Amino acid sequence: MLVQIGKCRLQLVQGDITQQQVDAVVNAANAQLAGGGGVDGAIHRAGGPDIMRDTDARYPDGCFPGEAVASVAGLLPAAHLIHTVGPVWRGGRDGEPAALASCYRKSLQLTVDLGCKSVAFPAISTGVYGYPLDLAANVALKSVIDFLKWHKQPDDVRFILFGEGAFGAFARSLEIQVA
Ligand code: APR
């Protein structure tokens, strides 16, 4: 599914983010930047040990939830890797929507600062961190659409959704938000 936000393209793709040929890939990391399961595990496996070497050297204190930091992308077919730490879902009244929106905004700002024209996002917080998919889709898409309307870059933003459930939730939300 593809929509145009001004001159920018916003796409939903069902697939594996480690295969995406983009300028920047975003990782759903933990606050220690210690690696883990889910998309984080897949990215470190595909990208190799250079990624962890770089984050250990540059960010020994890790990264706060809602923030984003950049590293090398190792063997991934991308120029940069951005690590952002999503909120753990605690029922929705603990600042989760604001923290999740901040992950997308800060990652997009880093993407632009690094001169990247294309970026691929996973559905941050919707796995181990338990954020309900439909609610996460609303927050993710709204923050990306708002950023693109305001900043008019990057040119190409993709959500790479792992499985039909995630793709369906994002597609339903996007249809409503661009109607
Ligand atoms: N490509 C795209 N999406 C993927 C991939 C992949 N290869 N693998 C998993 N996903 C999806 C999941 O299906 C989920 O929808 O990424 C989404 C985010 O899930 P998690 O990876 O579990 O991330 P999150 O919920 O933000 O939890 C972060 O998980 O392993 C850890 O180190 C990580 O502790 C951190 C926590």
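Our structure's up above, just so we're on the same page.
What you see is a predicted model; the values in this text were computed from it and never measured.

1. Quick notes on the site of the ligand
Link 1 in the chain: Taken together, 21 residues sit near the ligand, with Gly-37, Val-39, Asp-40, Thr-126 and Val-128 positioned nearest.
Link 2 in the chain: Within the side chain of Thr-126, an N or O atom sits 2.7 Å from an oxygen atom of the ligand.
Link 3 in the chain: Within the backbone of Val-128, one N or O atom sits 2.8 Å away from an oxygen atom of the ligand.
Link 4 in the chain: Contact with the protein chains covers 90% of the free accessible surface of the ligand, which is 710 Å².
Link 5 in the chain: Spatially, the ligand is embedded in the largest pocket.
Link 6 in the chain: Breaking the shell around the ligand down by element, the ones donating at least two residues are strand E3 (22-29) and helix H1 (38-47).
Link 7 in the chain: No other element matches the four residues that H1 contributes to the shell around the ligand.
Link 8 in the chain: Residues of the shell around the ligand, tallied by class, amount to ten nonpolar, nine polar and two charged.

2. Here we look at the layout of surface pockets
Link 1 in the chain: The calculated volume of the largest pocket comes to roughly 570 Å³.
Link 2 in the chain: Considering the residues around the largest pocket, the lining is formed by 27 residues, among which Ala-28, Gly-38, Val-39, Asp-40 and Gly-127 are closest to the centre.
Link 3 in the chain: With five residues, H1 is the single largest residue contributor to the lining of the largest pocket.

Conventions used here
- Residues numbered from 1 in each chain as written.
- Predicted model: local features only at pLDDT ≥ 70, side-chain atom pairs only at ≥ 80, totals over all residues.
- Heavy atoms only, no water.
- Near = heavy atom within 4 Å.
- Polar contact = N/O pair within 3.5 Å; in protein donor to acceptor, adjacent residues only side chain to side chain.
- Areas by Shrake-Rupley, 256 points an atom, 1.4 Å probe, with all protein chains shown as cover.
- 1 Å grid on protein atoms, 1.4 Å probe; cavity = no way out; pocket = protein on both sides within 12 Å on 5 of 7 lines; lining within 4 Å.
- Sits in = over half its atoms within 2 Å of the grid points.
- Helix = DSSP H or I, 4+ residues; strand = E, 2+ residues; numbered from the N terminus.
- Nonpolar A, V, L, I, M, F, W, Y, C, P; charged D, E, K, R; others polar.
- Points joined across faces, edges and corners; volume = space filled by probe spheres on them.

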